[in-house]
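# Understanding the architecture of this molecule
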Amino acid sequence: MTAERLPTDWKSDAMRRRIARRYAAERRFRAAGLFAVLLSAAFLAFLLFTMVGNGLRGFTGTEIAVKVDFPASPLLLDPNAITDQALANANLPMVTGEVVKKALGADAEQWVAPTAWTALRDAIKADPKILAQTVTIRLPAATAIDLAAKSDGSPEAEAAVARLDKAGLLTTGINWGFLTASDGTDPTQVGIWGAFKGSLLTMLVTLALSFPIGVATAVYLEEYARKNWMTDIIEVSINNLAAVPSIIFGLLGLSIFLNFLHLPRSAALVGGMTLALMTMPVIVIAGRNAIKSVPPSIRDAALGIGASPVQVVFHHVLPLALPGILTGTIIGMARALGETAPLLMIGMRAFIATPPGGITDPATVLPVQIFLWSDEVSKGFVEKTSAAIIVLLVFLLAMNGLAIYLRNKFERRW
């Protein structure tokens, strides 16, 4: 009679094979995960390298030093009567062209930017006494000269740059005007401040509307609303609204705020109200999840010591849920900051040459400004577009950093 085989006899080989296959599958899974992380990091590094490589040049500008002999120039101005009207009547663009040709040569007028006369105007306004002197004024270079000075120009422009550089008349440095000016037609003179201020005003309107309404809705649904078919419909609707494409909110804003209420077109007020509609469901969902995370024992303990239901919510539950609410709010705001489609629908793609003075003034925002510059023909707008993207990324990182700070500051452990 054959002896009965023990389970370890007939399972040992199969068990070892299964364990080997299990370890092999685990190694493949870890390798796939590592490959995914490295691939994502490579794409991110490529994006950042490309943006920073092109964008840093957008923060710089090229200037040409031009010697201006005001007494011999065709400029007829009284140093004691310098007014904006007098400067407007002085035909400074023509005078600037004559001054440049006299100082640098007959073909040098195209080397300076079309708006170079503004540098001449600002110098006269700053010190009218120079009208009786010969002074050196730095004029912004034309786009072709600016690109050639950054090793990205045509052969003709590079020859002109070599000539100017040899004479010591060419300088390239930080273009502070890019951070203080607004949109324009000349890429050497455009700035990001108008769009940045428009984004800031739009985000303030969005926050002022979406945060209190979203938090109040979350509190009501979690603490006061009865669980019935009506609240079920509301919950499903809020979850669906959070997934609606942003351009739908733009159509809604166009129909209600512009066509029905006749609010000012292309204003930060309308943009903020439209983005508030898009951000509110995100805040409601984040607020409900944060309120749900507060342990029931907190409520029971507060009620046990005599607190009213309202005191329980506002003195105990909301302070503990605040980190999650603030984190979700700022993440929703960061999403709204990068939106373009809904703002295009309400007309915030206008040419805005001056920064908005308030929420009802015509304005544009950073994503729309990037979109408009990327559609320009001039090659000089390429680096300005990348520089604007860097500003937008810094803005987004600042908002996310604020979210992390607020979460850590208000977070409590129980």
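Residues numbered from 1 in each chain as written. Predicted model: local features only at pLDDT ≥ 70, side-chain atom pairs only at ≥ 80, totals over all residues. Heavy atoms only, no water.

Another point: the domain arrangement of the chain. Taken as a whole, the chain is organised into domain 1 (57–174) and domain 2 (192–410). Measuring from the centre of the C-alpha atoms in domain 1 to the corresponding centre in domain 2 gives 45 Å. Each partner contributes to the interface: domain 1 provides 9 residues, whereas domain 2 provides 8 residues. Of the roughly 630 Å² buried at the junction of domain 1 and domain 2 (both faces included), carbon and sulfur atoms supply 57%. Ranking the residues of domain 1 by area buried against domain 2 places Gly 58, Phe 59 and Leu 147 at the top, with a combined share of 62%. Taken together, the connections running from domain 1 to domain 2 amount to 2 salt bridges. For Glu 383, the salt bridge is made with Arg 57, and the minimal N-O distance between the two is 3.8 Å. Here domain 1 is connected to domain 2 by 2 residue pairs in polar contact (both at pLDDT 80 or more). (Domains from an automatic or database assignment. Contact = heavy atoms within 4.5 Å. Buried area = accessible area lost by both parts, 1.4 Å probe. Salt bridge = Lys/Arg side-chain N within 4 Å of Asp/Glu carboxyl O. Polar contact = N/O pair within 3.5 Å; in protein donor to acceptor, adjacent residues only side chain to side chain.)

So, on to the UniProt feature "transmembrane region" (unreviewed entry) in the chain. With numbering aligned to this structure, UniProt lists the feature "transmembrane region" (unreviewed entry) at residues 31–52, 200–221, 241–261, 267–291, 312–334 and 387–406. Helix makes up 96% of residues 267–291 and strand 0%, whereas the separation of the span's terminal C-alpha atoms amounts to 35 Å. (UniProt positions renumbered as here; feature names shortened; annotations may be inferred. Helix = DSSP H or I, 4+ residues; strand = E, 2+ residues; numbered from the N terminus.)

This part takes up the packing of helix 3 (residues 92–104) against helix 4 (residues 117–126). Viewed as axis vectors pointing N to C, helix 3 and helix 4 meet at an angle of 100°, and their least axial separation amounts to 9 Å. Comparing their axes, helix 4 and helix 3 come out roughly perpendicular. Of the residues in helix 4, those touching helix 3 at Leu 92, Pro 93, Val 95 and Thr 96 are Trp 117, Leu 120, Arg 121 and Ile 124. Taken together, the residues of the contact of helix 3 with helix 4 sort by class into 6 nonpolar, 1 polar and 1 charged. (Axes fitted to C-alpha atoms, helices over the stretch in contact; angles between N-to-C directions. Parallel < 35°, antiparallel > 145°, perpendicular 65-115°, else oblique. Nonpolar A, V, L, I, M, F, W, Y, C, P; charged D, E, K, R; others polar.)

Turning to its location among the elements, Val 37 is positioned in helix 1 (residues 7–58). Judged by relative accessible area, Val 37 falls into the exposed class, the value being 52%. (Buried < 20%, exposed > 50% of the residue type's maximum accessible area, 1.4 Å probe, protein only.)

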